[in-house]
Amino acid sequence: MKTPIFAAQGFVHTLLDGAVNDKNVRGKFLKKAAKSLDGLDVLVQDLLTLSQIETGDIKMRFEHIDLYKLSHEVIDQFEEKAAKKNIRLKLEGGNHKIAVYADWQRINQVLTNLVSNAINYTPEGGEVVVSFDVGKKNVTTFITDTGEGIPPQHLSRIFERFYRVDKSRSREKGGTGLGLAIVKHILEGHNSKPEVESTLGKGSMFSFKLQRSKPESDGE
Ligand code: ATP
Ligand code: MG
């Protein structure tokens with residue numbers, strides 16, 4: 001939390017101390033301050049979400065939703081970010097409806113956090129894939145990347161709040177270590193939990209199960 005505050009503070013004070021009169025740096029500093037404040041906003045939202053889920057202030061809103069459609073929306077939002085890093089972002093599942101019983105907003109958050117990590121921690125030229133395994137009772141969603149991977153001794157701890165494998169590495173990417181804690185809490189609210197498999201230097205695969213909608217209550 002301190003990093004974006006100090007950064008924004010620094011830019012604004014430098015402007016007040018006279019830089020505001022320098023046409024060349026004015027716009028640049030304002031943009032940087034705005035970017036830090038945007039980051040702060042995300043961080044505060046994450047902290048709020050976590051504490052609300054933990055205190056039970058957020059009730060899950062279960063509905064019959066199309067997980068494929070939801071995943072498509074999430075993937076679309078990351079197209080630009082992936083393209084900038086020259087990462088191939090793929091959604092498998094053949095455009096078929098996948099009916100699950102879940103909270104749309106919250107599962108959107110889960111997928112957003114997992115896809116965001118997959119792109120963040122995958123070097124240029126890599127690949128990130130979202131795929132599904134539709135079973136009788138459950139649907140498993142996989143988020144696979146060809147990224148740097150996670151050392152085995154860290155695997156059991158990455159879902160803890162503020163936990164980051166490589167603090168310097170994450171800071172450079174602006175991470176706080178809340179994304180996976182939120183994922184874990186939301187999935188708990190769905191009687192589920194995230195799983196991870198990872199090979200250092202090769203990539204990671206995160207997955208989670210959701211209950212399939214029962215055909216009789218599917219409404220279609
Ligand atoms: P935030 O999500 O709050 O912006 P963050 O990405 O650092 O910050 P988490 O999403 O909770 O935090 O992830 C925790 C740590 O797990 C990361 O800092 C990173 O070290 C590791 N990690 C998560 N996903 C991956 C991945 N797909 N590949 C490699 N490392 C990962
Ligand atoms: Mg993250």
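Before reading further, recall that the structure is shown in the block above.
Residues numbered from 1 in each chain as written. Chains lettered and ligands numbered in written order. Predicted model: local features only at pLDDT ≥ 70, side-chain atom pairs only at ≥ 80, totals over all residues. Heavy atoms only, no water.

**Some remarks on unusual backbone geometry**
Here's step 1: Backbone geometry places N95, a non-glycine residue, at a positive phi of 60°.
Here's step 2: With respect to the element layout, N95 can be found in the loop between β2 (88-91) and β3 (99-102).
Here's step 3: In this structure N95 comes out as exposed when scored by relative accessible area, which is 62%.
Here's step 4: Positioned with a positive phi, N191 is a non-glycine residue whose angle comes to about 55°.
Here's step 5: Take N191: it is sitting in the loop between α8 (179-188) and β6 (195-199). (Helix = DSSP H or I, 4+ residues; strand = E, 2+ residues; numbered from the N terminus. Buried < 20%, exposed > 50% of the residue type's maximum accessible area, 1.4 Å probe, protein only.)

**Considerations on the side chain of D46**
Here's step 1: The residue D46 is located in helix α2 (residues 23-54) in this model.
Here's step 2: The side chain of D46 is buried and forms no salt bridge, while R106, the nearest opposite charge, is found at 9.3 Å.
Here's step 3: Not counting chain neighbours up to four residues away, the residues in contact with D46 comprise L178 and I182. (Lys, Arg positive; Asp, Glu negative; His and termini not counted. Salt bridge = Lys/Arg side-chain N within 4 Å of Asp/Glu carboxyl O. Contact = heavy atoms within 4.5 Å.)

**Quick notes on the pattern of salt bridges**
Here's step 1: A complete count under the given rule lists six salt bridges for this structure.
Here's step 2: Its salt-bridge partner being E127, residue R88 comes within 3.0 Å of it at the nearest N-O pair. One end of the pair, R88, is in strand β2; the other, E127, is in strand β4 (residues 127-134), with 39 residues separating them in the sequence.
Here's step 3: A salt bridge links E160 to R157, with the shortest nitrogen-to-oxygen separation between them at 2.9 Å.
Here's step 4: The class of R157 is partly exposed, set by a relative accessible area of 37%.
Here's step 5: Connected through salt bridges with shared partners, the residues R88, K90 and E127 form a single ionic network.

**A short note on the packing of aromatic side chains**
The geometry of two aromatic rings is summed up by the distance between their centres and the angle between their planes.
Here's step 1: In this structure the tally under the stated criterion is four aromatic pairs.
Here's step 2: Taking the centre distance of 5.5 Å and the plane angle of 25° together, the rings of F62 and Y101 count as stacked. One end of the pair, F62, is in the loop between α2 and β1 (63-66); the other, Y101, is in strand β3, with 39 residues separating them in the sequence.
Here's step 3: Residue classification places F62 among the partly exposed residues on the basis of a relative accessible area of 33%.
Here's step 4: Ring centres of Y68 and F132 lie 6.3 Å apart, and the angle between their planes is 55°; this geometry places the pair in the tilted category. With Y68 in helix α3 (residues 67-77) and F132 in strand β4, the pair connects residues that are 64 residues apart, well separated along the chain. With respect to burial, Y68 and F132 carry one shared label: buried. (Phe/Tyr/Trp six-rings, centres within 6.5 Å; stacked < 30°, edge-to-face > 60°.)

Function cannot be inferred from these measures alone, as they are strictly geometric.
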